[in-house]
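Secondary and tertiary structure notes
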Amino acid sequence: MNPIQKKKLKAQAHALNPVVIVGQAGLTEAVLKEINVALDAHELIKIKIRAERDERAVISEQICAETKAELIQSIGQIAVVYRQNPKK
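Residues numbered from 1 in each chain as written. Predicted model: local features only at pLDDT ≥ 70, side-chain atom pairs only at ≥ 80, totals over all residues. Heavy atoms only, no water.

1. Points about the overall build of the protein
Within the protein, the secondary structure is distributed over three helices and four strands. Each helix and strand of the protein, ordered N terminal to C terminal, gives the series α-β-α-β-α-β-β. Radius of gyration (C-alpha) of the protein: 12 Å, near the 12 Å computed for a compact globule of 88 residues. Dimensions of the protein, computed from the C-alpha atoms along their principal axes, are close to 35 × 25 × 20 Å. Residues counted as buried form 36% of the 88 residues belonging to the protein. Within the protein, counting contacts between residues at least 6 apart in sequence, those at least 24 apart form 67% of the total. For the protein, the distance from the average site of its 14 positive side-chain charges to the average site of its 10 negative ones is 9 Å. (Helix = DSSP H or I, 4+ residues; strand = E, 2+ residues; numbered from the N terminus. Rg over C-alpha atoms; globule rule 2.2 N^0.38 Å. Buried < 20%, exposed > 50% of the residue type's maximum accessible area, 1.4 Å probe, protein only. Contact = heavy atoms within 4.5 Å. Lys, Arg positive; Asp, Glu negative; His and termini not counted. Charge placed at Lys NZ, Arg CZ, Asp CG, Glu CD.)

Here it is, written out as structure tokens:
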């Protein structure tokens, strides 16, 4: 994905609210399933990750790897993730 596309997605994500929250239990199978459902429905989502800074980066990478999505932006506890829906 080129920088121009990422910039457009960041602008679109600005108005979004977090759809999924990763809590104290961390990244569980249920949370991954919800992220997949949200990505199928919306393509671009915000995820709130309640963890320490270093752990947030690892969780973001793990989410992207397991859902085959792309990390668009990560600011504080919020990660913006995009995965194109082939059905749309």
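More follows now that the structure is in view.
2. Considering the environment of asparagine 2
Note on placement: asparagine 2 falls in the segment before helix H1 (3-13). A relative accessible area of 37% places asparagine 2 in the partly exposed class. Reaching out from asparagine 2, the side chain makes a polar contact with the backbone nitrogen of isoleucine 4 at a distance of 3.1 Å. A polar atom in the side chain of asparagine 2 sits 2.8 Å from the backbone nitrogen of glutamine 5. (Polar contact = N/O pair within 3.5 Å; in protein donor to acceptor, adjacent residues only side chain to side chain.)

3. Details of the pairing of strand E2 (residues 44-49)
Counted residue by residue, E2 has five buried out of six residues, so it is predominantly covered. Here strand E1 (residues 18-22) runs beside E2; their pairing, made up of four bridges, is parallel. Across the sheet, the residue bridging to valine 22 is isoleucine 49, located in E2. Handedness of the crossover joining E1 and E2 through helix H2 (residues 29-42) is recorded here as right-handed. Where E2 meets strand E4 (residues 78-82), five bridges bridge the pair, whose relative direction is antiparallel. Bridged to lysine 48 within E4 is isoleucine 78. (Pairing = 2+ DSSP bridges. Right-handed = clockwise from strand over helix to strand, strands pointing away.)

4. Points about the side chain of asparagine 85
Considering the arrangement of structural elements, one finds asparagine 85 in the segment after E4. Aside from chain neighbours lying at most four places away, what touches asparagine 85 is Asp40 and Glu43.

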